[in-house]
Amino acid sequence: MKIFYNTKLLGIISIVVFSCNKKEINSNDTNITETNVVEYVDPFIGTGGHGHTYPGATVPFGMVQVSPDNGISGWDWCSGYHYSDSITIGFSHLHLSGTGIGDLNDIRVMPINKKVDLSILATTRNDIPYISKYSHTKENAKPGYYSVFLEDYAIKAELTADVRTAFHRYTYEEEGEQSLILDLGYTTNWDKTTESQIHIEDKFTVSGYRYSTGWAKNQKVFFVLQFSKSINEYDLYKDANKVEKVDIVKGINASTQLFFNRGTKNQLEIKVGISSVSIDNAKENISKYRNKFEFDSVKEKANRSWEHVLSKIKVETKRDSLKTIFYTALYHSQIAPVTFSDVDGAFRKENDSIVFAKGYTAYSTLSLWDTFRAEHPLLLFLAPDKVSDMINSMLIYYEDKKVLPVWTLYANETNTMTGYHSVSVIAEAYLKGIRGFDIKRAYEAMKHTMMQDERGLKFYKEYGYIPYDLLDESVTITLEYAYNDWCVAQLAKALGKEEDYSYFLKRSQAYTHLFDSETGFMRGKSKKGTNWHEPFDPKFSAHRVHADYTEGNAWQHSWFVPHDVEGLIKLYGGETNFITKLEQLFTEDSKITGDNVSADISGLIGQYAHGNEPSHHIAYMFNKANAPWKTQYWVSEILKTQYNTTPNGLSGNEDCGQMSAWYIFSSLGIYPMNPASGEYQIGSPVFEKAILKLSDDTNFIIEAERVSDKNIYIQSAVLNGKEFNRSYITHQEIVQGGTLHFVMGASPNKNWGVKK
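Residues numbered from 1 in each chain as written. Predicted model: local features only at pLDDT ≥ 70, side-chain atom pairs only at ≥ 80, totals over all residues. Heavy atoms only, no water.

A word on the overall build of the protein. The helix and strand inventory of the protein stands at 17 helices and 40 strands. Scaling as 2.2 N^0.38, a compact globule of 756 residues should have a C-alpha radius of gyration of about 27 Å, and the protein matches this with 26 Å. Summarising its shape, the C-alpha atoms of the protein cover approximately 80 × 60 × 50 Å along the three principal directions. Here the protein holds 756 residues, and 66% of them are scored as buried. Nonlocal contacts in the protein, meaning residues at least 24 apart in sequence, comprise 70% of its contacts between residues at least 6 apart. Carbon and sulfur atoms form 48% of the exposed surface of the protein, whose accessible area is close to 26,200 Å². Averaging the coordinates of the 79 positive side-chain charges in the protein and doing the same for the 92 negative ones gives two points 2 Å apart. (Helix = DSSP H or I, 4+ residues; strand = E, 2+ residues; numbered from the N terminus. Rg over C-alpha atoms; globule rule 2.2 N^0.38 Å. Buried < 20%, exposed > 50% of the residue type's maximum accessible area, 1.4 Å probe, protein only. Contact = heavy atoms within 4.5 Å. Areas by Shrake-Rupley, 256 points an atom, 1.4 Å probe, with all protein chains shown as cover. Lys, Arg positive; Asp, Glu negative; His and termini not counted. Charge placed at Lys NZ, Arg CZ, Asp CG, Glu CD.)

Right, here's the structure in full:
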């Protein structure tokens with residue numbers, strides 16, 4: 001996903017080689033001796049191309065993400081880091097995983113070995129006096145750990161983290177100052193500092209805060225740094241002016257250079273705590289490490305925490321390249337949402353009120369337009385204990401706004417992207433058995449959200465669709481509201497609210513108003529109800545300005561009817577016409593027309609764009625048209641062509657786990673095409689065996705006998721010893737445990753999975 005950012009993309013060279021500290025893995029590798037699954041993860045995957053991931057240290061769903069920053073403003077540097085770069089300006093503590101959003105990168109520190117002048121207000125990276133070159137040959141990343149050698153200062157920098165605390169260890173390899181820069185002013189992309197403070201509390205402690213605006217308009221980060229060595233002296237700067245004889249500065253741009261007692265050791269260790277609430281809370285967040293510097297033990301603890309969550313799915317294959325892609329995807333899928341409440345449960349809301357998460361952990365970074373599709377469905381298996389907490393975090397937002405969140409960052413609602421997909425997440429969770437939240441309150445929030453008038457809902461209710469001459473992106477918004485309505489209807493039915501069920505189910509047919517039978521596309525319709533938006537070109541894209549589709553075109557968005565594929569098939573005049581049109585999506589030429597083409601249209605197979613989320617369910621729609629072998633073929637093509645083991649290994653934005661969640665589900669052989677339906681469409685598994693650990697005593701096993709690059713078609717299947725001949729499996733069947741055994745072959749079996 002990319003939002004309102006029209007800067008021309010910088011040219012990026014193709015990255016085809018891993019960091020030299022990683023072994024290049026190819027599809028012909030044989031299975032090596034079994035090792036901990038964490039060893040297969042490569043955090044550099046996605047840091048090239050448009051993946052927008054970062055390589056730094058975090059733990060599953062951690063509050064801190066301590067990672068290097070290149071200091072460049074540009075779309076491909078949204079996470080702070082891009083693999084094509086070789087200069088760093090330091091290490092900050094908040095990052096976004098794989099989005100098109102240029103916020104965060106807060107509380108940045110940089111170790112150096114000489115005195116520098118911070119009185120020049122840097123506006124570009126070239127102005128910064130403490131930058132350093134680095135090489136990928138001396139850079140290492142694995143879950144919970146990152147290290148790099150800073151060439152200009154001969155310093156080895158190491159980073160690790162627990163949930164709310166970051167740990168730094170700097171080894172100074174040459175004589176000179178042992179020094180650290182703390183710069184709260186320099187920003188990249190949209191993020192701008194509005195106020196900052198640095199307080200030298202004592203010889204071992206520095207605290208302060210940074211307020212900023214950007215995509216998140218009211219972001220407040222409080223911090224504390226504790227050092228293993230005493231501060232000998234320091235220089236403090238307020239808005240690039242050096243301030244003498246004080247221990248605290250406050251301004252728009254506060255910065256400092258700290259100089260440390262060398263002692264007998266050439267290492268400096270730092271603990272960094274952050275909080276949205278206060279400096280005292282930041283201190284409380286690191287209180288269990290008070291006066292202790294335990295870098296190695298924390299690093300090992302982070303490794304164990306990742307090993308624990310990654311081991312919830314074990315896969316068997318002779319190709320280690322597939323394991324690398326799979327476990328890296330599993331890693332990326334458990335970075336966000338991120339912990340937002342402090343150890344005492346406190347967190348700051350957008351209106352600056354401080355509230356407490358009682359009985360749950362509050363989460364932020366909810367990229368719902370992306371993650372409702374596969375990321376949140378995956379968390380029902382990987383982290384069911386956290387799903388209710390995430391829903392409670394949505395409901396606490398509803399208390400103030402009287403509407404469910406769209407895309408929240410650091411508790412700020414950005415209202416970016418279309419639909420209200422928190423509705424899907426809540427409905428799916430409850431219908432699949434998740435409890436731990438007030439369902440009456442949740443249903444009220446869902447219904448009230450879909451009945452209000454904002455974000456085009458007034459037009460949607462009045463016309464039965466959103467007219468293109470009243471609101472941009474009308475087609476995408478209409479289709480997504482129709483799906484949201486269907487989700488409300490299903491929960492209403494489960495709760496015995498028959499009147500609501502009938503009302504929202506009828507509204508979920510809104511997609512029918514926009515289908516043009518002559519062209520076979522969903523099209524913009526005027527408020528008169530008789531005119532299509534002309535001229536019409538199904539390949540035309542206009543990025544977020546005067547467009548009928550969000551980050552895409554008619555080819556990519558006309559298929560978003562996951563709740564009623566059978567109804568869509570009828571609009572096409574039957575299965576044959578539907579299959580013909582759907583296959584044309586993948587075989588049409590890949591030209592995208594227009595002067596303002598969305599950069600998110602990437603990973604093209606024909607007009608199918610895997611690099612952006614609206615396409616993610618489409619390949620599975622053949623199942624509903626009695627052609628499951630075509631789903632098997634195209635899913636296999638996507639798995640083979642859109643993911644690899646290089647930094648360019650993602651075909652588009654990672655988007656907080658969604659791109660990876662698609663791979664995880666699809667490589668296992670199942671996918672939640674309609675997340676709230678309770679069904680998973682069956683595709684083409686790639687592993688000989690996959691074990692999904694549901695609990696201590698329940699596993700669900702998927703076996704694919706004779707699977708290979710060529711044997712992508714299902715010949716037959718057995719579920720728990722009984723013949724299985726349908727193209728979907730239910731959530732209930734999975735959570736009961738058992739074994740789904742496929743026999744694979746090189747030619748399609750056109751009788752398997754077909755309704756008689």
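Having seen the structure, we can now continue with the description.
When you tally the buried positions in helix 5 (residues 375–382), you get eight out of eight residues, the bulk of the element. Listing the buried residues of helix 5 in full gives Glu-375, His-376, Pro-377, Leu-378, Leu-379, Leu-380, Phe-381 and Leu-382.

Looking now at the pattern of salt bridges. Summed over all chains, the structure comprises 33 salt bridges. Across the pair Glu-428 and Lys-432 runs a salt bridge whose closest N-O atoms are separated by 2.7 Å. The exposure class of Glu-428 is buried, given its relative accessible area of 1%. Given the relative accessible area of 12%, Lys-432 is considered buried. A salt bridge links Arg-523 to Glu-534, with the shortest nitrogen-to-oxygen separation between them at 3.0 Å. Taken together, the positions of Arg-523 in the loop between strand 28 (521–522) and strand 29 (540–542) and Glu-534 in the loop between strand 28 and strand 29 put the pair eleven residues apart, joining distant regions of the chain. A cluster of three or more residues bridged by salt bridges with shared partners is formed by Asp-106, Asp-191 and Arg-210. (Salt bridge = Lys/Arg side-chain N within 4 Å of Asp/Glu carboxyl O.)

Counting 144 residues, the largest nonpolar core has Leu-310, Phe-326 and Phe-578 as the members making the most contacts within it. Residue contributions to this core peak at twelve residues, all from helix 10 (residues 474–494). Not counting residues within four places of it along the chain, the set of residues in contact with Leu-310 comprises Val-37, Val-38, Val-41, Tyr-327, Leu-330, Tyr-331 and Gln-334. Grouped together as the second largest cluster of nonpolar side chains are 76 residues, Tyr-146, Val-206, Val-338 and Phe-340 included. (Core = buried A, V, L, I, M, F, W, Y, C linked by side-chain atoms within 4.5 Å.)

The next subject is the pairing of strand 34 (residues 679–682). Alignment of strand 33 (residues 670–671) against strand 34, held across two bridges, turns out to be antiparallel. Of the residues in strand 34, the one forming a bridge with Ile-670 is Ile-682. Across three bridges, the pairing between strand 34 and strand 39 (residues 728–730) is antiparallel. Directly across from Gln-681, in strand 39, lies its bridge partner Tyr-728. (Pairing = 2+ DSSP bridges.)

It is worth spelling out the sheet that holds strand 33 at this point. Here three strands make up an open sheet; going across it, the order is 33-34-39 and the pairing antiparallel. Edge strands, defined here as strands with exactly one partner in the open sheet, are strand 33 and strand 39.

Enumeration over the complete set of coordinates arrives at 43 aromatic pairs. Between Phe-326 and Tyr-327, the ring centres sit 5.2 Å apart and the planes meet at 90 degrees, which makes this aromatic pair edge-to-face. The exposure class assigned to Phe-326 is buried, which follows from its relative accessible area of 0%. One aromatic cluster is present, built from ring pairs that chain together Phe-381, Tyr-620, Tyr-643, Trp-662, Tyr-663, Phe-665, Tyr-671 and Tyr-680. Note that Arg-373 overlies the ring of Trp-369, its terminal NZ or CZ placed 5.0 Å from the centroid. (Phe/Tyr/Trp six-rings, centres within 6.5 Å; stacked < 30°, edge-to-face > 60°. Lys NZ or Arg CZ within 6 Å of the ring centre and 35° of its normal.)

On to unusual backbone geometry, then. Residue Pro-337 follows Ala-336 across a cis peptide bond; omega there is 0 degrees. Relative to the helices and strands, Pro-337 is located in the loop between helix 3 (320–332) and strand 20 (338–339). Residues Glu-534 and Pro-535 are joined by a peptide bond in cis, for which omega reads -5 degrees. As for its position among the elements, Pro-535 is in the loop between strand 28 and strand 29.

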